[in-house]
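# Fold and geometry: a report
As a plain string of letters, each chain reads:
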Amino acid sequence: SIVESLKKLVPGETDEEKEKEVKKYFNVFSLRNHGVLNNKPVTEIIYIHSKLMIVDDEYVLIGSANINDRSMLGSRDSEFAVIVQENPVKTSIMDGKKVKVARFASEFRQALMAEHLGIDKKEMILIDPVNDELNELLCGRARNNTILYRKIFHCYPDDEFQTFEELNSRKIYKTTEDFDELRTIYNENKDQIKGHIVEFPLYFLGEEVDNLKLKTFSSENLLPERNYI
């Protein structure tokens, strides 16, 4: 929804041009990991329950609480979030200009980005978050990792599968010969996967919108609205 709204505000003649312009400012990524389990290469999306926001290398909001009554009323879910705010204590760079930032927020962001990108947290490119080179690295590494996971595992969710027919026709490893092939492909390509960052599959099953809608008498529609608050 955010991407489609932003497309209406940016220049460009075609949908592709508009999306390329949006990605200069706004991107959605996910995290994925891989390894070997019972002698078989496996992959899985990394799902993290905690929420994190780092603003301007000054403020950190982190915790498990959601912004809804279920988390915030204090009498339902036992979740919480904390804000870490320091007086600016460190000179850094933001959008090419010298600024004062909070040490914890700045170093925490750099450490997380380094882990997700698979680089050293002392890399200079991480210092300025408003940096075209950093944005290109984030997008490029996410794209490369996504392509490699697609090539090795044919895993989903993935933008490659926009219909159920495409999803059901993907390659699935079942036989001994299949797993021998998977191990070979995995060993040939695994070292090219850097960090955990991948593209978030915004268009997975995108052509199945009508089939994914709740039916009138589905159990989700019959439940009281308060169950979702």
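Here, the structure is the one placed above.
Summary of the structure given here. (Residues numbered from 1 in each chain as written. Predicted model: local features only at pLDDT ≥ 70, side-chain atom pairs only at ≥ 80, totals over all residues. Heavy atoms only, no water.)

## Describing the overall build of the protein chain
Helix and strand counts for the protein chain stand at nine helices and eight strands. Counting contacts in the protein chain only where the partners sit at least 6 residues apart, residues at least 24 apart contribute 54% of the total. Charge separation in the protein chain, taken as the distance between the mean sites of 32 positive and 41 negative side-chain charges, equals 4 Å. (Helix = DSSP H or I, 4+ residues; strand = E, 2+ residues; numbered from the N terminus. Contact = heavy atoms within 4.5 Å. Lys, Arg positive; Asp, Glu negative; His and termini not counted. Charge placed at Lys NZ, Arg CZ, Asp CG, Glu CD.)

## Observations concerning unusual backbone geometry
Across the junction of Tyr156 and Pro157, the peptide omega takes the value 5°, indicating a cis bond. Even without glycine at this site, Asp57 takes up a positive phi of about 55°. Residue placement: Asp57 occurs in the loop between strand S3 (51–55) and strand S4 (59–63). When its relative accessible area of 2% is taken as the criterion, Asp57 is described as buried. The residue Asp95 is not glycine, and still its phi comes out positive at about 60°. (Buried < 20%, exposed > 50% of the residue type's maximum accessible area, 1.4 Å probe, protein only.)

## Details of the sheet that holds strand S1 (residues 29–37)
In spatial order, the strands read S2-S1-S8; together these three strands make up an open sheet with antiparallel pairing. Each of the sheet's edge strands pairs with one partner strand only, and the pair in question is strand S2 (40–45) and strand S8 (197–199). The mean inter-strand angle of the sheet, taken between neighbouring strand axes irrespective of direction, is 40°. Packing against the sheet, helix H7 (residues 176–189) makes contact with S1 and S2, and its axis sits at approximately 70° to S2. (Pairing = 2+ DSSP bridges. Axes fitted to C-alpha atoms, helices over the stretch in contact; angles between N-to-C directions.)

## Topic: the nonpolar core
Counting residues in each nonpolar core, the largest one holds twelve residues, listed as Leu148, Tyr149, Ile152, Phe153, Cys155, Tyr173, Phe179, Leu182, Ile185, Tyr186, Ile193 and Val198. Beyond its immediate chain neighbours, meaning those up to four positions away, Tyr149 contacts Arg32, Asn33, His34, Thr43, His154, Cys155, Ile193 and Val198. Counting eight residues, the second-largest nonpolar core is a separate cluster that includes Leu117, Leu126, Leu138 and Ala142. (Core = buried A, V, L, I, M, F, W, Y, C linked by side-chain atoms within 4.5 Å.)

## Focus on the pattern of salt bridges
In total, this model carries 14 salt bridges according to the counting rule given. For Asp57, the salt bridge identified is with Arg109, shortest N-O distance 2.7 Å. With a gap of 52 residues between them, Asp57 in the loop between S3 and S4 and Arg109 in helix H4 (residues 103–117) connect regions that are remote in the sequence. For the residue pair Asp57 and Arg109, the accessibility class agrees, reading buried in each case. For Arg150, the salt bridge is made with Asp158, and the minimal N-O distance between the two is 2.8 Å. Exposure class is identical for Arg150 and Asp158. Each is buried. Each of Glu4, Lys7, Asp15, Glu19 and Lys23 takes part in one network of salt bridges that share partners. (Salt bridge = Lys/Arg side-chain N within 4 Å of Asp/Glu carboxyl O.)

## Quick look at the pairing of S4
Across five bridges, S3 lies against S4 in antiparallel orientation. Pairing of Leu52 across the sheet is with Ile62, part of S4. Hairpin connection, S3 to S4: the antiparallel pair is bridged by three residues, and Asp56 has positive phi, about 55°.

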